[in-house]
Amino acid sequence: MNTPRKAVALISGGLDSMLAAKIMLEQGIHVEGINFFTGFCVEGHTHAIRNKDQEKKEKKRNNALWTAEQLGIKLNIIDIIEPYKDVVLNPKHGYGANLNPCLDCKIFMVKEAHKWMIENNFDFIITGEVVGQRPKSQRKETMPIVQKESGIQDLLLRPLCALNLPETLPEREGWVNREKLLNFHGRNRKPQMALAKEFGFSDYAQPAGGCCFLTDANYSSKLQDMWQHRPSRDYTLDDIILLKVGRHIRPRENFKLIVARDGGETRYLGGYRKQFKHLVMRSHSGPVTLIEGENLSVEDIELAAGIAARYGQGRDADEVEFEYSDQQQSGYSLHVKPMSPEQIPASWLV
Ligand code: SF4
């Protein structure tokens with residue numbers, strides 16, 4: 001008996017990558033998944049911080065792991081936070097509608113998967129891409145760019161739309177049966193849903209614009225604001241995680257506030273108090289507020305407290321008491337009048 005060929009599947013947690021892997025398994029190919037953790041992933045640990053997420057009947061889950069479990073394959077989760085920075089900061093092919101560098105991202109991930117494939121003696125790579133599904137990274141013209149620039153050439157097979165593309169080496173060599181591959185194209189999701197039904201998958205992640213926060217307009221605007229107000233665009237994992245949490249308000253050029261939106265976020269942001277200047281409401285119950293900025297004057301801190309007071313139980317009180325602390329935990333208490341909604345212009349909301 002021939003040893004089965006081995007394919008590395010890029011698993012995002014969405015339906016398409018799940019179907020692509022399943023098609024290979026049906027052909028007797030040994031499949032293992034790779035899921036790259038960039039820090040921007042929707043599948044991540046900030047998933048269920050908010051009270052509303054914890055209360056949902058349908059609990060948040062890591063869809064990449066769940067997909068692997070459904071398929072019965074091993075999933076390798078690989079941290080690429082550091083090398084991925086160059087993709088986000090300097091995308092050769094530019095950004096999509098927001099700060100999503102999809103084409104560069106795809107090239108980078110296939111390149112990394114190629115390295116993994118060689119190190120682990122796998123034969124080829126599969127993805128759940130579909131021609132014409134995404135305007136930037138999944139066009140017929142861009143697919144050869146991914147193959148060429150990643151160096152994978154014709155060892156990259158896209159089972160869902162292979163019949164619309166030139167034959168790859170796994171097809172030519174007969175490792176996979178091309179006749180059993182598909183010709184999906186365009187944005188219509190119905191063929192994928194029908195195939196999911198055929199395979200008996202009734203529960204799968206619904207596609208929501210993209211697999212990472214960089215496709216999200218609100219998130220991108222916070223990232224852009226962070227870059228504009230720092231000497232360098234370099235970032236840490238904490239920076240990009242915190243952009244997913246709380247209300248971000250920039251009343252002055254030299255500082256911004258991150259105000260928790262509920263109890264879950266207050267507890268989460270509380271974990272950052274040693275890293276940030278912060279305000280804790282003392283006279284009423286209310287959110288923890290982190291302050292990111294330099295050269296804060298007493299007026300700046302009072303302004304920050306006036307804004308934060310707006311989001312606590314004392315919003316209608318004459319005065320709210322706060323404890324202000326810096327990273328060294330030295331600080332003082334202050335009393336402020338909560339600001340009214342009219343005093344907080346929309347232009348301050350990042
Ligand atoms: S949505 Fe994000 S993770 Fe997905 S290809 Fe685009 S940049 Fe990469």
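Residues numbered from 1 in each chain as written. Predicted model: local features only at pLDDT ≥ 70, side-chain atom pairs only at ≥ 80, totals over all residues.

Description of the overall build of the protein
Right, so step 1: Helices and strands together make up the secondary structure of the protein, namely 12 helices and 11 strands.
Right, so step 2: In terms of overall dimensions, the protein has a C-alpha envelope of 80 × 40 × 35 Å along the principal axes.
Right, so step 3: Across the 350 residues of the protein, 42% fall into the buried class. (Helix = DSSP H or I, 4+ residues; strand = E, 2+ residues; numbered from the N terminus. Buried ≥ 20, exposed ≤ 12 C-beta atoms within 10 Å, placed from the backbone.)

Thoughts on the nonpolar core
Right, so step 1: The biggest cluster of nonpolar side chains holds 53 residues, and the ones touching the most others in it are A7, A9, A21, M24, I125 and I126.
Right, so step 2: Element by element, the count of residues in this core is highest for helix α5 (residues 102-119), at 9 residues.
Right, so step 3: In contact with A9, not counting residues within four places along its chain, are S17, A20, A21, V31, G33 and I126.
Right, so step 4: Within the second largest apolar cluster, 39 residues are counted, among which are C212, L243, V259 and I307. (Core = buried A, V, L, I, M, F, W, Y, C linked by C-beta atoms within 7 Å. Contact = placed C-beta atoms within 7 Å.)

Considerations on helix α1 (residues 15-26)
Right, so step 1: Helix length check: α1, at 12 residues, gives a terminal C-alpha distance of 16 Å against a target of 16 Å (1.5 Å per residue), a fit within 8%.
Right, so step 2: Within α1, 10 of the 12 residues are buried, leaving the element largely enclosed by the surrounding structure.
Right, so step 3: Looking only at α1, the buried set comprises L15, D16, S17, M18, L19, A20, A21, K22, I23 and M24.
Right, so step 4: On its buried side, α1 packs onto β1 (6-10), β2 (30-37), α3 (63-71), β4 (124-126) and α8 (190-199).
Right, so step 5: Backbone geometry just after α1 places G28 at a positive phi near 80 degrees. (Expected span 1.5 Å × (residues − 1).)

A few points about the sheet that holds strand β7 (residues 255-259)
Right, so step 1: Read from one edge of the open sheet, 6 strands run β6-β7-β9-β8-β10-β11, paired in antiparallel fashion. The sheet is open, and its two edges are formed by β6 (247-252) and β11 (331-336), each paired on a single side. Across the sheet, the axes of successive neighbouring strands diverge by a mean angle of 25 degrees, strand direction being ignored.
Right, so step 2: Relative to β11, strand β10 (residues 320-325) runs antiparallel, the two sharing 6 bridges. (Pairing = 2+ DSSP bridges. Axes fitted to C-alpha atoms, helices over the stretch in contact; angles between N-to-C directions.)

A few points about the domain arrangement of the protein
Right, so step 1: Per the domain assignment, the segments of the protein are domain 1 (6-212) and domain 2 (245-348).
Right, so step 2: On a C-alpha basis, the centroid separation for the pair domain 1 and domain 2 is 41 Å.
Right, so step 3: Across the boundary between the two partners, domain 1 contributes 5 residues, which contact 7 residues of domain 2.
Right, so step 4: Residue classes in the side of domain 1 that touches domain 2 are distributed as 1 nonpolar, 3 polar and 1 charged. (Domains from an automatic or database assignment. Nonpolar A, V, L, I, M, F, W, Y, C, P; charged D, E, K, R; others polar.)

So, the environment of D203
Right, so step 1: Take D203: it is sitting in the loop between α8 and α9 (217-228).
Right, so step 2: Remark: the alpha-carbon pair of D203 and L15, spanning 188 residues in sequence, is separated by 9.4 Å.

Digging into the sheet that holds β2
Right, so step 1: As summarised here, the arrangement of the 5 strands in space is β3-β2-β1-β4-β5, forming an open sheet in which the pairing is parallel. Every other strand in the sheet has two partners, leaving β3 (74-79) and β5 (156-157) as the edge strands with one partner each.
Right, so step 2: In the sheet, β1 pairs with β2 via 5 bridges, with the strands oriented parallel. Residue pairing in the sheet places L10 in a bridge with I34 of β2.

Observations concerning the environment of D238
Right, so step 1: Secondary-structure assignment places D238 in helix α10 (residues 237-242).
Right, so step 2: The exposure class assigned to D238 is exposed, which follows from the 12 C-beta atoms found within 10 Å.
Right, so step 3: Between the C-alpha atoms of D238 and D318, which are 80 residues apart in sequence, the distance is 36 Å.

Examining the packing of α5 against helix α6 (residues 142-150)
For any two helices packed against each other, one specifies the crossing angle of their axes together with the interaxial distance.
Right, so step 1: Contact pair α5 / α6: the axes reach a minimum separation of 8 Å and the direction vectors enclose 45 degrees. On the basis of their axis angle, the class for α5 and α6 is oblique. Considering the relative orientation of α5 and α6, their crossing is right-handed. Where α5 approaches α6, its residues L103, K106, I107, V110, K111 and H114 are matched on the opposing element by T142, I145, V146, E149 and S150.
Right, so step 2: When the residues that make up the contact of α5 with α6 are grouped by side-chain class, the tally is 5 nonpolar, 3 polar and 3 charged. (Parallel < 35°, antiparallel > 145°, perpendicular 65-115°, else oblique. Left-handed = near helix turned anticlockwise from the far one by under 90°.)

Some thoughts on the packing of α1 against α3
Right, so step 1: The contact between α1 and α3 brings their axes to 10 Å, and the two run at 25 degrees. Taken together, α1 and α3 sit at an angle that is classed as roughly parallel. Read as a crossing pair, α1 and α3 show a hand that is right-handed. Two secondary-structure elements touch here, α1 through S17, M18, A21, K22 and L25 and α3 through T67, Q70 and L71.
Right, so step 2: Class assignment for the residues of the contact of α1 with α3 results in 4 nonpolar, 3 polar and 1 charged.

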